Amino acid sequence: KAGVTQTPRYLIKTRGQQVTLSCSPISGHRSVSWYQQTPGQGLQFLFEYFSETQRNKGNFPGRFSGRQFSNSRSEMNVSTLELGDSALYLCASSFHSGANYGYTFGSGTRLTVV
Amino acid sequence: AQSVSQHNHHVILSEAASLELGCNYSYGGTVNLFWYVQYPGQHLQLLLKYFSGDPLVKGIKGFEAEFIKSKFSFNLRKPSVQWSDTAEYFCAVNDRNNQGGKLIFGQGTELSVKP
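Residues numbered from 1 in each chain as written. Chains lettered and ligands numbered in written order. Predicted model: local features only at pLDDT ≥ 70, side-chain atom pairs only at ≥ 80, totals over all residues. Heavy atoms only, no water.

J.: Describe in detail the pattern of salt bridges, supporting the description with residues and values.
T.: In the structure shown here, the tally under the stated rule is eight salt bridges over all chains. Measuring nitrogen to oxygen at the nearest pair gives 3.3 Å for the salt bridge that ties Glu75 of chain A to Arg73 of chain A. The class for Glu75 of chain A is buried, based on a relative accessible area of 15%. Residue Arg73 of chain A is classed as partly exposed on the basis of its relative accessible area, which comes to 24%. Through salt bridges with shared partners, a single ionic network connects Lys58, Glu64, Glu66 and Arg77 of chain B. (Salt bridge = Lys/Arg side-chain N within 4 Å of Asp/Glu carboxyl O. Buried < 20%, exposed > 50% of the residue type's maximum accessible area, 1.4 Å probe, protein only.)

Encoded structure:
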């Protein structure tokens, strides 16, 4: 079956703009989590959605937001982009909320802010 | 706050050498523990996980890890590495009771295996 699909794969945006990233989970998976990966900070949890509800939120400013649709697809939005937002954004999906169900990661969206 | 510490940032080994990557976490409650691997240009893949039971867990590709609760450790081991094991390895922790699917990752250890 298809894995976790993230689009687009690459993005270049200008400081101050906003961006929306998309994640389609594995069919049947209802939980989606987002992570930011940078060389300096490593992998940091952004938020988790389950059945269209945010279950957990990481320590990121309010410029980072997300949502989940009824088909479990998820989007994350970053407004007023800063240079430091340049990162690989990873999405992970699971059958249910809770790590003991196991999370499968997508290949990520590489965001570059110039 | 929870944190995960991976002691080695970059490890260089020759093929057939044994591998042990250290991982320590700071949290006193019930945890799930994971090792993920990221091969060059690929996405994160689960190597192995520990939820409960036998503290010695076996994963894919000959990897294993041992959970030592008293030491808050979950070290990854492989008896004999191959060139194809060159990758970045991440240890991760999840608070089973309170944080849903939130994973706290270590900084990662880059493994380079020389043929």
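Having seen the model, we can carry on.
J.: I'd like a rundown of the interface of chain B and chain A, residues and numbers included.
T.: Counting residues at the interface gives 17 residues for chain B, matched by 20 residues for chain A. Interface area, chain B with chain A, both sides summed: about 1500 Å², of which 58% is carbon and sulfur. Seen at the junction of chain B and chain A, the total is zero salt bridges. Across the chain B-chain A interface, the total number found is four residue pairs in polar contact (both at pLDDT 80 or more). (Contact = heavy atoms within 4.5 Å. Buried area = accessible area lost by both parts, 1.4 Å probe. Polar contact = N/O pair within 3.5 Å; in protein donor to acceptor, adjacent residues only side chain to side chain.)

J.: Explain the state of the cysteines residue by residue, including any values.
T.: One pass over the structure, following the stated rule, counts two disulfides over all chains. Each sulfur of the disulfide joining Cys23 of chain A and Cys91 of chain A lies 1.8 Å from the other. Taking the sign of the S-S torsion, about -60° here, the bridge from Cys23 of chain A to Cys91 of chain A comes out left-handed. With Cys23 of chain A in strand β3 (residues 19–24) and Cys91 of chain A in strand β9 (residues 87–94), the pair connects residues that are 68 residues apart, well separated along the chain. Bridging Cys23 of chain B to Cys91 of chain B, the disulfide has an S-S length of 1.9 Å. Between Cys23 of chain B and Cys91 of chain B, the S-S dihedral sits near -65°, and the bridge is therefore left-handed. One end of the pair, Cys23 of chain B, is in the loop between β3 (19–21) and β4 (24–26); the other, Cys91 of chain B, is in strand β10 (residues 87–95), and 68 residues separate them in sequence. No difference in accessibility class separates Cys23 of chain B from Cys91 of chain B, as the two residues are buried. (Disulfide = S-S within 2.5 Å. Helix = DSSP H or I, 4+ residues; strand = E, 2+ residues; numbered from the N terminus.)

Everything listed here is a matter of coordinates, which is why it stays silent on function.
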